[in-house]
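Observations on the three-dimensional arrangement
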Amino acid sequence: MSCSPIIQRTIEYIEKNLHEELTLESVAQFAGFSKFHYHRVFHKEVGVTASEYIRYRRIANAANMLLYTDEKILDIAFYYRFESQESFTRSFKKYYRLPPGQYRRIIGKLTMQREETGMNQEQVLKGWNMSGSHPANYKMGVDREVFHKGNASGFLKSVTVQSEGEFATMMQQFKADKYAGKRLKLSGFLKAKAVNGFCGFWMRVDDSLGDVLQFDNMSDRPVTGDQEWNQYSIVLDVPANGAVISFGVLLSGSGTVWIDELKFEEVGKDVPTTNIDYKGELREEPVNLSFED
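Residues numbered from 1 in each chain as written. Predicted model: local features only at pLDDT ≥ 70, side-chain atom pairs only at ≥ 80, totals over all residues. Heavy atoms only, no water.

**Some words on the packing of aromatic side chains**
Working definition: an aromatic ring pair is given by the centre-to-centre distance plus the angle between the planes. Under the counting rule described, the total for this entry stands at 18 aromatic pairs. Taking 6.5 Å as the distance between ring centres and 50 degrees as the angle between the ring planes, the aromatic pair formed by Phe 33 and Tyr 38 counts as tilted. Judged by its relative accessible area of 21%, Phe 33 falls in the partly exposed class. Given the relative accessible area of 0%, Tyr 38 is considered buried. Pairing Phe 92 with Tyr 103 gives two aromatic rings, centres 5.1 Å apart and planes at 75 degrees, and the pair type is edge-to-face. Remark: Tyr 103 occurs in helix H7 (residues 100–117) and Phe 92 occurs in helix H6 (residues 85–96); sequence separation between them is eleven residues. Counting every residue linked through ring pairs, the aromatic cluster contains Phe 33, Tyr 38, Phe 42, Tyr 53, Tyr 56, Tyr 95 and Phe 189. When the ring centre of Tyr 56 is taken as reference, the NZ or CZ atom of Lys 149 above it lies at 4.4 Å. (Phe/Tyr/Trp six-rings, centres within 6.5 Å; stacked < 30°, edge-to-face > 60°. Buried < 20%, exposed > 50% of the residue type's maximum accessible area, 1.4 Å probe, protein only. Helix = DSSP H or I, 4+ residues; strand = E, 2+ residues; numbered from the N terminus. Lys NZ or Arg CZ within 6 Å of the ring centre and 35° of its normal.)

Structure representation (structure tokens):
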């Protein structure tokens, strides 16, 4: 059984309570697991322990407050449950290589310079392309104010969208050779705001003729409305004749979606695929050809 839905619910719980007291015991209790089982499951699904996740999310939110508010460093430290400014500084330097005060001065100045320069999309989104039914009605870019970890995230948002049927995708493609015959997992963190259609990650495996071999766009588990940062994943088999792997984030209708910390990893056959099998919907034979039924 996949534990992803349980982990997603607990990440949502963590995100809503980052400024409250959070312990491994309390989060495991929320998930309905023992502390030790939850520790193993969370680490397997997310790649870090729950305690480490809580710590770096608090630090990331604190970094945002340092750049975009005038709150005192001590107040920020206490808000995110650090016992002292010294312990906050030690943890902050681990992730950002600078103490909070220097980070506010140096990175804040660089952020202002970037905003004044107004870098174009090609510069800020190296490797990413825009596609979809109405890409001109959307905008993609880098957001240095909203991020899950580090200093920035990628975003895709509607600008002049007229209906839910319109969509755009921020995407990349790469050769499938390295993963031929393997099961591949794409995972990452996604945040949504005012999405009135749906959004989600997607991945597709094509052969050399452009025929689709494997595909999933999270249409059976869409992200809608307002959703805080959470982890989502797609798992597909890459057939031996796979030639191209395409992936990205899809936004249908209006709203904004942010993505961060995407990664690919080979997984075992014990991890179920999320492939959408359209062939399974086909009948064995034609029916009702005389329209009498």
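Having seen it, we continue.
**Quick notes on the confidence of the model for the protein**
Predicted coordinates in regions of low pLDDT should not be interpreted in detail. Residue-level pLDDT values for the protein average 91, and 93% of them are 70 or greater. Overall, residues 119–123 carries pLDDT values under 50, and its contacts beyond four positions in sequence, including any with other chains, amount to four contacts. (pLDDT = per-residue confidence, 0-100. Contact = heavy atoms within 4.5 Å.)

**Description of the nonpolar core**
Counting 42 residues, the largest nonpolar core has Tyr 38, Phe 42, Phe 88 and Tyr 103 as the members making the most contacts within it. Ranked by residue count, the leading element in this core is helix H4 (residues 50–68), at eleven residues. Sequence-distant contacts of Phe 88, defined by excluding residues within four places in its chain, comprise Ile 59, Ala 62, Ile 73, Ile 76, Ala 77, Phe 82 and Pro 100. Judged by nonpolar contacts, the second largest core, of 31 residues, contains Met 140, Met 218, Ile 234 and Ile 259. (Core = buried A, V, L, I, M, F, W, Y, C linked by side-chain atoms within 4.5 Å.)

**Considering helix H1 (residues 4–16)**
For H1, built from 13 residues, the straight-helix expectation of 18 Å at 1.5 Å per residue is met to within 8% by its first-to-last C-alpha distance of 18 Å. All of the buried residues along H1 are Ser 4, Ile 6, Ile 7, Thr 10, Ile 11, Ile 14 and Glu 15. Of the surrounding secondary structure, the elements contacted by the buried residues of H1 are helix H2 (24–31), helix H3 (35–46), H4, strand S5 (183–206) and strand S7 (223–237). (Expected span 1.5 Å × (residues − 1).)

**With respect to the packing of H1 against H2**
It is the contact of H1 with H2, at a shortest axis distance of 9 Å, that shows an interaxial angle of 130 degrees. It follows from the interaxial angle that H1 and H2 lie oblique. Considering only the axes of H1 and H2, their crossing is right-handed. Across from Ile 6, Arg 9, Thr 10, Tyr 13 and Ile 14 in H1, the residues of H2 making contact are Val 27, Phe 30 and Ala 31. Looking at the contact of H1 with H2 residue by residue, the class counts come to six nonpolar, one polar and one charged. (Axes fitted to C-alpha atoms, helices over the stretch in contact; angles between N-to-C directions. Parallel < 35°, antiparallel > 145°, perpendicular 65-115°, else oblique. Left-handed = near helix turned anticlockwise from the far one by under 90°. Nonpolar A, V, L, I, M, F, W, Y, C, P; charged D, E, K, R; others polar.)

**A short note on the pattern of salt bridges**
Between side chains of opposite charge, a pair can form as their charged atoms come close. Tallied over the entire structure, the rule returns 13 salt bridges. Measuring nitrogen to oxygen at the nearest pair gives 3.3 Å for the salt bridge that ties Lys 35 to Glu 25. Of the two residues, Lys 35 is situated in helix H3 and Glu 25 in helix H2; the sequence distance between them amounts to ten residues. Among the residues examined, Lys 35 registers a relative accessible area of 29% and is labelled partly exposed. Between Arg 55 and Glu 52 there is a salt bridge, with the nearest N and O atoms lying 2.5 Å from each other. Of the two residues, Arg 55 and Glu 52 both sit in helix H4, three residues apart, roughly one turn of that helix. Here Glu 52 falls in the buried class, since its relative accessible area comes to 18%. One salt-bridge network, in which partners are shared between bridges, spans Glu 52, Arg 55 and Lys 94. (Salt bridge = Lys/Arg side-chain N within 4 Å of Asp/Glu carboxyl O.)

**Comments concerning the side chain of Gln 231**
Tracing the backbone through its elements, the reader meets Gln 231 in strand S7. By relative accessible area, which is 9% here, Gln 231 ends up buried. Within the local environment of Gln 231, its side chain forms a polar contact with the backbone oxygen of Glu 45, the two atoms lying 3.5 Å apart. Gln 231 has contacts with Gln 8, Ile 11, Glu 45, Val 46, Ser 187, Gly 188 and Phe 189, leaving out every residue within four places of it along the chain. (Polar contact = N/O pair within 3.5 Å; in protein donor to acceptor, adjacent residues only side chain to side chain.)

**Some points on unusual backbone geometry**
The phi dihedral of Arg 81 is positive, around 70 degrees, even though this residue is not glycine. Position of Arg 81 among the secondary structure elements: in the loop between helix H5 (73–79) and H6. Here Met 218, not a glycine, exhibits a phi torsion of approximately 60 degrees, which is positive. Relative to the elements of secondary structure, Met 218 occurs in the loop between strand S6 (212–216) and S7.

**A look at the side chain of Ser 252**
Relative to the elements of secondary structure, Ser 252 occurs in strand S8 (residues 244–252). Ignoring any residue separated from it by four or fewer positions in sequence, one finds Ser 252 in contact with Tyr 138, Glu 164, Glu 166, Phe 167, Val 195, Asn 196, Gly 197 and Phe 198.

**Looking at the packing of H1 against H3**
How two helices pack is summed up by the angle between their axes together with the distance between the axes. Between H1 and H3, the shortest axis-to-axis distance is 10 Å and the interhelical angle comes to 95 degrees. When the axis of H1 is compared with that of H3, the two are roughly perpendicular. Here H1 contributes Ser 4, Ile 7, Thr 10, Ile 11 and Ile 14 to the contact with H3, which in turn contributes Tyr 38, Val 41, Phe 42, Glu 45 and Val 46. Its residues assigned to classes, the contact of H1 with H3 comprises seven nonpolar, two polar and one charged.

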